[in-house]
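Take a look at the letters that make up each chain.
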Amino acid sequence: MYYIGICDDMEYIREKIREFCTAYFDEHPQEYQCIEFETGTELLEYEDTIDLLFLDIELGDMNGIEILPQLEETDNVSRVIFVSSHEDMVFQSFGIKTLSFIRKPVKYEEVEKWITIALNENLKNIIYEYYVQQERRVFKMEDLYYLEGAGSYTYLNLKRKRELVSERLKCWETKLQNAPMVRVHRSYLVNMFNIKRWKGDRVI
């Protein structure tokens, strides 16, 4: 589940962003949920996960720029996109969790662009576990090049090593069904993030 927060004191702005999110996930099927906040206080009191937050700068009770440092002290909000008609505030909106600044009126193309970027970033940072001779090991999606089936086993071709695990490629295909993997051959699953070229039947 991907959680999107929308914090704006104007109902029609929240509704418009929510509609754009619905349109996006209709085109890119994935489970998601929008959580809406009318005030900064409501947002700061919310303790569950928010993967991507659309945050207005001029809220009724507090300023979005003032909220940002408090969000950076917690782990529940991953990325923030500021939404405002005041372009002069763009530099003040920079922070370690700030992904972008969108000018009002909000356009679908902007929402589409930044949801895609945030999703890709989110998928890269997911950690997967595997076992080699009963020893637990992990890798991040960005470190995986491709998987190679070998009968009842699978080779994990990672950036720094190649590991043989006792699971069939089909098991990994199920495990990575929400990841950016493409099956280019019955024996190969390739991470689309790490494809440099694709020509004919050759993938680099």
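None of these values were measured; they are calculated from a predicted model. (Residues numbered from 1 in each chain as written. Predicted model: local features only at pLDDT ≥ 70, side-chain atom pairs only at ≥ 80, totals over all residues. Heavy atoms only, no water.)

**Focus on the environment of His185**
For step 1, the next point in the chain: Within the element layout of this structure, His185 appears in strand β11 (residues 181-185).
For step 2, the next point in the chain: Residue classification places His185 among the partly exposed residues on the basis of a relative accessible area of 40%.
For step 3, the next point in the chain: A C-alpha to C-alpha distance of 9.9 Å links His185 and Gly149, two positions 36 residues apart in sequence.
For step 4, the next point in the chain: Separated by 2.9 Å, the side chain of His185 and the backbone nitrogen of Ser187 make a polar contact. (Helix = DSSP H or I, 4+ residues; strand = E, 2+ residues; numbered from the N terminus. Buried < 20%, exposed > 50% of the residue type's maximum accessible area, 1.4 Å probe, protein only. Polar contact = N/O pair within 3.5 Å; in protein donor to acceptor, adjacent residues only side chain to side chain.)

**Considering the packing of aromatic side chains**
For step 1, the next point in the chain: One pass over the full model with this rule turns up eight aromatic pairs.
For step 2, the next point in the chain: Both rings, one in Phe25 and one in Tyr32, keep their centres 4.4 Å apart while their planes meet at 15°; by these two values the pair is stacked.
For step 3, the next point in the chain: Taking the relative accessible area as the measure of exposure, Tyr32 reaches 25% and is therefore partly exposed.
For step 4, the next point in the chain: Each ring, one from Phe139 and one from Trp172, has its centre 6.1 Å from the other, and the planes form 35°; the classification is tilted. Placement of the pair is Phe139 in strand β7 (residues 135-140) and Trp172 in helix α5 (residues 169-175), with a sequence separation of 33 residues. The burial state of Phe139 is the same as that of Trp172; both residues are buried.
For step 5, the next point in the chain: Site record: aromatic cluster; members linked through ring pairs are Tyr128, Tyr130, Phe139 and Trp172.
For step 6, the next point in the chain: The ring of Tyr155 carries Arg162 above its face, with NZ or CZ at 3.8 Å from the centroid.
For step 7, the next point in the chain: Over the ring of Trp172 we find Lys175; its NZ or CZ atom is 4.0 Å from the centre of that ring. (Phe/Tyr/Trp six-rings, centres within 6.5 Å; stacked < 30°, edge-to-face > 60°. Lys NZ or Arg CZ within 6 Å of the ring centre and 35° of its normal.)

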